[in-house]
Amino acid sequence: MTEKVLILGSGPAGLTAAIYAARADLAPVLIEGFERGGQLMLTTDVENYPGFPDGIMGPELMEAFRKQAERFGTKIISSDITSVDLSERPFKVWVGEDLYEAETLIISTGASARWLDVPGEHRLRGYGVSACATCDGFFFRDKDLAVVGGGDSAMEEASFLTKFASKVTIVHRRGEFRASKIMAQRVLDNPKVDVVWNSEVVEVLGDESVTGVRLNNIETGEQSELAVDGMFVAIGHDPNTSFFQDELELDKGGYIVTELGTTKTSVEGVFAAGDVVDHVYQQAVTAAGMGCEAALDAERLLEAWEV
Amino acid sequence: MGKNTTEATDATFAELVGESTPTLVDFWAEWCGPCKMMEGPLEEIAGEQSGKLNVLKLNVDENQQTAMQYGVMSIPTMIVFKDGQEMKRLVGARSRTQLEAELASFVA
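Here the structure is a predicted model, which is why all the values come from computation and not from measurement.

## Remarks on the overall build of chain A
On a plain count of helices and strands, chain A comes out with 6 helices and 19 strands. Whereas a compact globule of 307 residues would reach a radius of gyration of roughly 19 Å, chain A reaches 21 Å, a difference of no more than 12%. By its C-alpha atoms, chain A is 65 × 40 × 35 Å across when sized along the principal axes.

Right, here's the structure in full:
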């Protein structure tokens, strides 16, 4: 059976696309991937999603998105895709042995946390190295921690970790944060937070678990050691586009290229929305907006094709 | 709690992992998003491998002693035990397919 709309990914973009497509009677099928709910599942309070004046927990918000998509008849498949063929219509997407065919495809596979890729980091993952403060902060009560990064997610992680840790040192490559002013100020005002500016982590130290990080000052080239019990990495994200490398036009950073002002990709009938496209805004609300656009773009094309 | 998995506590842990049947323990907590992602896959694997693999869930919030004893510092962490010995440790959420591949040698 050929679906009218197949959606890949279950963050704000994918689920919003599903809500719109379902309400347009397109009976969308959404393959949610094992990272169900996307990056918001790793956050706590979301304070900037409109409509929630007191904030809402990320996982709660995504559960609400999901329920709304299901309410209008979205069929959700709880698996990961294993391969795709976008060379002709209907497009083909495999989940193991199961084949899904669709007239239009909306890709909203999002982005995943980037790691530093320095010695010791991989070996000590789960032993003091983490990219999820909300998951692992609990294990660092009264410990000293390093947070690497300078954007909003680094600020959020650092703030959250001060609830547990005795001290949080932010290590940042530049002399100022990229984060929004309100979040940066909140962190800088926190007495438990220290910042090491213009520095990068070049090695994670420790045999059984993290005992420190080796820092390199980018301006002076001077190296030093910072004793910490854990390191949380928040240096940004890479788009999840490995399946589409040979199928769609991607930019240098691996993001899917879309036609300006639309969600159309280089293949007619394939649309993309959310962080898999967006290396600029990367917000839940912009992703949701693009998901809506993708569903409307798909609906219009199906009408034109008279499918 | 799922119907195919068993809840372990600090008090029951040693006895439950002491079995000769391989036992996968999922260290989790309510506030951990990626732990929630693993609920479905673990439940399904537990159902399909019934008799070959026991699947336990240990809430680290309520059972800190066991979590500390095994040096769990990140969740989800999944540890395979056999006769009380740690055989394999998996840190972080992963897809069902990946998890099955990593458990294959224990359920052969």
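More follows now that the structure is in view.
## Examining helix α4 (residues 152-161) of chain A
All names here are of chain A. In terms of burial, α4 is largely enclosed, as 8 of its 10 residues are buried. Among all positions of α4, only Ser153, Ala154, Met155, Glu156, Glu157, Ala158, Ser159 and Leu161 are buried. Contacts made by the buried residues of α4 are with α3 (133-136), β11 (144-148), β12 (167-171), α5 (181-188), β13 (193-196) and β17 (230-233).

## Quick notes on α5 of chain A
Residue and element names in this part refer to chain A. For α5, the complete set of buried residues consists of Met183, Ala184 and Val187. Buried residues along α5 cover an arc of 100 degrees about the axis, so they all sit on one side. Facing away from the buried side of α5 by more than 90 degrees, the exposed set consists of Lys181 and Ile182. Residues of α5 that are buried make contact with α4 and β13.

## Details of the packing of α4 of chain A against α5 of chain A
Residue and element names in this part refer to chain A. In contact at an axis separation of 9 Å, α4 and α5 are set at 35 degrees when each is read in the N-to-C sense. Crossing hand, α4 versus α5: left-handed. In contact with Asp152, Met155, Glu156, Ala158 and Ser159 of α4, α5 contributes Met183, Ala184, Arg186 and Val187. Looking at side-chain class alone, the contact of α4 with α5 contains 5 nonpolar, 1 polar and 3 charged residues.

## What to know about the sheet that holds β17 of chain A
Adjacent strands of a sheet pair through backbone hydrogen bonds, lying either parallel or antiparallel. Residue and element names in this part refer to chain A. With respect to topology, 5 strands assemble into an open sheet ordered β10-β17-β11-β12-β13, the strand pairing being parallel. Edge strands, defined here as strands with exactly one partner in the open sheet, are β10 (129-130) and β13. Sheet topology places β10 next to β17; 2 bridges connect them, and they run parallel. Bridge assignment links Val129 to a residue of β17, and that residue is Met231.

## Focus: the confidence of the model for chain B
Averaged over all residues, the pLDDT of chain B equals 93, while 99% of them reach at least 70. Interface scoring of the predicted complex returns ipTM 0.86; its pTM is 0.85.

## Thoughts on the interface of chain B and chain A
Taken together, the contact pairs 20 residues of chain B with 22 residues of chain A. When residues of the side of chain B that touches chain A are traced back to their parent elements, those giving at least two are α2 (33-48) and α4 (96-107) of chain B. Its residues assigned to classes, the side of chain B that touches chain A comprises 9 nonpolar, 8 polar and 3 charged.

## Let's talk about the sheet that holds strand β14 (residues 199-205) of chain A
Residues and elements named next belong to chain A. Taking strand neighbours across the sheet as the criterion, the 3 strands line up as β14-β15-β16 in an open arrangement whose pairing is antiparallel. Unpaired on one side and paired on the other, β14 and β16 (223-227) mark the two borders of the sheet. The mean inter-strand angle of the sheet, taken between neighbouring strand axes irrespective of direction, is 30 degrees. The sheet contact formed by β14 and strand β15 (residues 212-217) spans 6 bridges and is antiparallel. From the neighbouring strand, Val201 faces β15, where its bridge partner is Leu215.

## Remarks on the nonpolar core
Grouped together as the largest cluster of nonpolar side chains are 121 residues, with contacts concentrated most on Ala17, Ile106, Val147, Val148, Met231 and Ala273 of chain A together with Val25 of chain B. If you tally residues by element for this core, the top one is helix α1 (residues 12-23) of chain A, at 8 residues. Lining this core are residues from two domains, each supplying at least three of them: domain 1 (2-112 + 237-305) and domain 2 (115-233) of chain A.

## Observations concerning the pairing of strand β2 (residues 23-28) of chain B
Residue and element names in this part refer to chain B. Counting buried residues along β2, 6 of its 6 residues qualify, which places the element largely inside the surrounding structure. Alternating residues of β2 divide into Thr23, Val25 and Phe27 and Leu24, Asp26 and Trp28, and every residue in both groups is buried. As paired elements, β2 and strand β3 (residues 54-59) share 6 bridges and run parallel to each other. Counted as the bridge partner of Leu24 is Val55 from β3. One crossover worth recording links β2 to the parallel β3 by way of α2, and it is right-handed. Pairing geometry for β2 and strand β4 (residues 77-82), over 5 bridges, is antiparallel. When the bridges of β4 are listed, Leu24 appears paired with Val80.

Conventions used here
- Residues numbered from 1 in each chain as written.
- Chains lettered and ligands numbered in written order.
- Predicted model: local features only at pLDDT ≥ 70, side-chain atom pairs only at ≥ 80, totals over all residues.
- Helix = DSSP H or I, 4+ residues; strand = E, 2+ residues; numbered from the N terminus.
- Rg over C-alpha atoms; globule rule 2.2 N^0.38 Å.
- Buried ≥ 20, exposed ≤ 12 C-beta atoms within 10 Å, placed from the backbone.
- Contact = placed C-beta atoms within 7 Å.
- Arc of directions from axis to C-beta.
- Axes fitted to C-alpha atoms, helices over the stretch in contact; angles between N-to-C directions.
- Left-handed = near helix turned anticlockwise from the far one by under 90°.
- Nonpolar A, V, L, I, M, F, W, Y, C, P; charged D, E, K, R; others polar.
- Pairing = 2+ DSSP bridges.
- pLDDT = per-residue confidence, 0-100.
- Core = buried A, V, L, I, M, F, W, Y, C linked by C-beta atoms within 7 Å.
- Domains from an automatic or database assignment.
- Right-handed = clockwise from strand over helix to strand, strands pointing away.

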